[in-house]
Amino acid sequence: MDKQLITGSEALIRSLIKEGVDTIFGYPGGAIMPVYDCLYDHRQELNHVLARHEQGATHAAQGFARVSGKVGVCLVTSGPGATNAITGIGDAMLDSTPMVVISGQVTAALLGTDAFQEIDLVSLTQPIAKWCYQIRRAEDIAWAVARAFYIARSGRPGPVVLDFAKNAQIEKVDYKPQTIDFISSYQPVLDLDEEAVCAAAQLINSAKKPLALVGQGVELGEAQTELMEFLEKADIPAGCTLLGLSALPTAHSLNKGMLGMHGNLGPNVKTNECDVLIAIGMRFDDRVTGDLNTYAKQAKIIHFDIDPAEIDKNVKTTVAVIGNCKETLAAVTAQLKKNTHKEWLDSFKASEELEYKSVIDGELYPTDGPITMGEVVDKVSKATHHEAIMATDVGQNQMIAARYFQFTKKRSVVTSGGLGTMGFGLPAAIGAAFGAPGRTVCLFCGDGGLQMTIQELGTILETNIGVKIILLNNSYLGMVRQWQELFFKERYSSTPMKNPNYVAIASAYGIKGRTVHLREELDEAIQEMLQTEGSFLLEVEVIEKGMVYPMTPAGGTVTNMLLGY
């Protein structure tokens, strides 16, 4: 039988389709042009979303992956196209987002000659990716793509980089599809340790004041049901990390709110009162722990995590239960006694009442003065029946949205956690809209972050995708200004911002918009936004020098949260 020779570009496209890819975010250029030419013949099978910048393409792929559970795919050219993708690769690595970035590269014969738009992408990205590989021969394409997707989606997910030499894109190859579900040097999930399961269950059964810390690992492992069964059987209160907020419904009686620097008072303070601390799919980030020398020293620590490298990295563990928490939580739950901790649960009420009186009431229900960020978030959440996807940029808008947006559905948080990337919000929200086409995507952003990737409004124009953009405009780089106010004697160095007419800019991209100046206009404007087909920009002029409280100062202890001036 004659060989069926195809180009390397065609082999790449067929390999992507075999992996279940239906959406690609990217930007063409010379070194990846053969692949884009091939894409032209596969327009019915693959939807290519043309971003306006390669960083935007990576963030869009991240947003797509977060809400869909699929691997996000990004396609860029060499040189500046590749380097523009680095921020998104690093962001995906820190937030465990499955993504495959395919970059064009000069022909193999020119490697190392400083050819036009040559950059050593593999060396640049090895520290911030799960795996990097340079494809120099067409015959390696099927293997490399299959391996890339397996690594990106398995175990603790993350980004993979394929650097695709141009000669390999145009060479002919006898293409044979490949499937990879095993790599001898790579064990994505360790075998369940029954002794650890028993030890964890014994600690929890004997605990008087247990507290669970819920992270994004629950969402990545699709373990939302297992988490709820675990918490309810043992009657354990829980706090959620920023990326784990939608793993447990906000209104669940055992959900005590958000952990971390700007989280809720109760779960933070109680961290230093509990007798057994149960970390589930979270990595004890410094924004959660504060000063490690004062963090949960009284407690025995149980750590559920898929990645052995996280065990004892920041916090010394009493019992480590390693594996996918969908399996490990169920195994421990089977050995738990049905329990109640009424007195312990009731002890959270004092913190909740103090936080409500000191912070929440004034933020959500002000009687006069400028509009607050919190009341905008609260009203949008209620208007969407708490069913929308919350996307954010980074800064005060992010923390306020995380504090006051409520969740009823899983995979509803799209934000930059570990890297804290300003400019993440708009392209990530666009990607989320493609990843969950039946859901409303609400993007909360500040005037600083929006301008960093504002060109992605062009992607909305191109695709007519629907994103509800809520711009909380305070004419400052708000979070930096807050720190300047608290710790730098109100020396507002380079944080006040002179802003453009955002609604006019949106209109130039064919996006309807409205600016709200008065509180009395807010409810009606939110309804107009939600009832408008497609995207909408709702700019709300909020208090200029608003603060996000509570706040644990950097390096402080979780028991000393600032509640205001």
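Refer to the structure above for everything that follows.
Let me begin by describing the structure that accompanies this report. (Residues numbered from 1 in each chain as written. Predicted model: local features only at pLDDT ≥ 70, side-chain atom pairs only at ≥ 80, totals over all residues. Heavy atoms only, no water.)

### Concerning the overall build of the protein
- Scanning the protein for helices and strands turns up 24 helices and 20 strands.
- For 565 residues, the compact-globule formula gives about 24 Å, and the C-alpha radius of gyration of the protein, at 24 Å, lands near that figure.
- In terms of its C-alpha atoms, the protein occupies a principal-axis envelope of roughly 75 × 60 × 40 Å.
- Across the 565 residues of the protein, 59% fall into the buried class.
- Taking contacts inside the protein between residues at least 6 apart in sequence as the whole, the part at least 24 apart equals 76%.
- Accessible surface, the protein as shown: approximately 22500 Å² in total, 51% of it carbon and sulfur.
- Side-chain charges in the protein split into 49 positive and 65 negative, and the spacing between the mean points of these groups amounts to 3 Å. (Helix = DSSP H or I, 4+ residues; strand = E, 2+ residues; numbered from the N terminus. Rg over C-alpha atoms; globule rule 2.2 N^0.38 Å. Buried < 20%, exposed > 50% of the residue type's maximum accessible area, 1.4 Å probe, protein only. Contact = heavy atoms within 4.5 Å. Areas by Shrake-Rupley, 256 points an atom, 1.4 Å probe, with all protein chains shown as cover. Lys, Arg positive; Asp, Glu negative; His and termini not counted. Charge placed at Lys NZ, Arg CZ, Asp CG, Glu CD.)

### Re unusual backbone geometry
- Residue tyrosine 549 is joined to proline 550 through a cis peptide bond whose omega torsion reads -5 degrees.
- With respect to the element layout, proline 550 can be found in the segment after β20 (536-541).
- A positive phi angle, near 50 degrees, is found at arginine 411, a position not held by glycine.
- Its identity is not glycine, yet serine 475 carries a phi of approximately 60 degrees, on the positive side.
- Here serine 475 lies in the loop between β18 (468-473) and α22 (478-487).
- For serine 475, a relative accessible area of 25% puts it in the partly exposed group.

### Some words on the side chain of threonine 453
- Here threonine 453 shows up in the loop between α20 (447-452) and α21 (457-463).
- For threonine 453, a relative accessible area of 2% corresponds to the buried category.
- What threonine 453 contacts, discounting residues up to four positions off in sequence, is Gly423, Leu426 and Pro427.

### Topic: the nonpolar core
- Counting residues in each nonpolar core, the largest one holds 74 residues, and the members touching the most others are Phe230, Ile278, Ile280 and Ile302.
- A per-element tally of this core places helix α9 (residues 194-206) first, with six residues.
- With near-sequence residues (within four places) excluded, isoleucine 280 lies in contact with Ala212, Leu213, Val214, Gly215, Val218, Leu227, Phe230, Phe304, Cys325 and Leu329.
- By size, the runner-up hydrophobic cluster in this structure holds 48 residues, among which are Phe25, Ala432, Ile460 and Val467. (Core = buried A, V, L, I, M, F, W, Y, C linked by side-chain atoms within 4.5 Å.)

### Some points on the sheet that holds strand β3 (residues 47-50)
- Read across the sheet, six strands follow the order β3-β2-β4-β5-β7-β6 without closing on themselves; strand pairing throughout is parallel. This sheet does not close on itself; its edge strands, each paired only once, are β3 and β6 (131-135). Across this sheet, the average inter-strand angle for adjacent strands is 20 degrees, counted without regard to direction.
- Bridge count between strand β4 (residues 72-76) and strand β5 (residues 99-105): five bridges; the pairing is parallel. Across the sheet, the residue bridging to valine 73 is valine 100, located in β5.
- In the packing of helix α7 (residues 141-153) onto the sheet, the strands contacted are β4, β5, β6 and β7 (159-165), and the crossing angle to β6 comes to about 170 degrees. (Pairing = 2+ DSSP bridges. Axes fitted to C-alpha atoms, helices over the stretch in contact; angles between N-to-C directions.)

### Regarding the layout of surface pockets
- Looking at the second largest pocket, its volume works out to about 540 Å³.
- Only β11 (255-258), α12 (265-271), α16 (348-364) and α18 (396-404) provide two or more residues apiece to the lining of the second largest pocket. (1 Å grid on protein atoms, 1.4 Å probe; cavity = no way out; pocket = protein on both sides within 12 Å on 5 of 7 lines; lining within 4 Å. Points joined across faces, edges and corners; volume = space filled by probe spheres on them.)

### Some points on a negative patch on the surface
- Where like charges cluster on the molecular surface, the negative patch consists of Asp191, Asp193, Glu194, Glu195 and Glu327.
- Mapping glutamate 195 onto the fold places it in helix α9. (Patch = residues over 30% accessible without salt bridge, like charges linked within 9 Å, V, L, I, M, F, W, Y side chains within 5 Å. Salt bridge = Lys/Arg side-chain N within 4 Å of Asp/Glu carboxyl O.)

### Some details on the sheet that holds β18
- The strand order β16-β15-β17-β18-β20-β19 describes an open sheet built from six strands, whose pairing is parallel. The two strands at the open ends of the sheet, each matched to only one other strand, are β16 (413-414) and β19 (512-516).
- Together, β18, β19 and β20 form the strand contacts of helix α24 (residues 522-531), whose direction differs from that of β20 by roughly 165 degrees.

### Comments concerning the pattern of salt bridges
- All told, the structure shown has 28 salt bridges when counted by the stated rule.
- With its nearest N and O atoms 2.9 Å apart, the salt bridge here joins glutamate 273 to lysine 270.
- For glutamate 273, a relative accessible area of 34% gives the class partly exposed.
- A salt bridge links aspartate 286 to arginine 287; the shortest N-O distance between them is 3.4 Å.
- By relative accessible area, arginine 287 is classed as partly exposed at 40%.
- Salt bridges here are not isolated pairs; linked through shared partners, they connect Arg156, Asp307, Glu310 and Lys313.

### With respect to the side chain of asparagine 205
- As for its placement among the helices and strands, asparagine 205 is situated in helix α9.
- In terms of polar contacts, asparagine 205 uses its side chain to reach the backbone amide nitrogen of lysine 337, at 2.8 Å. (Polar contact = N/O pair within 3.5 Å; in protein donor to acceptor, adjacent residues only side chain to side chain.)

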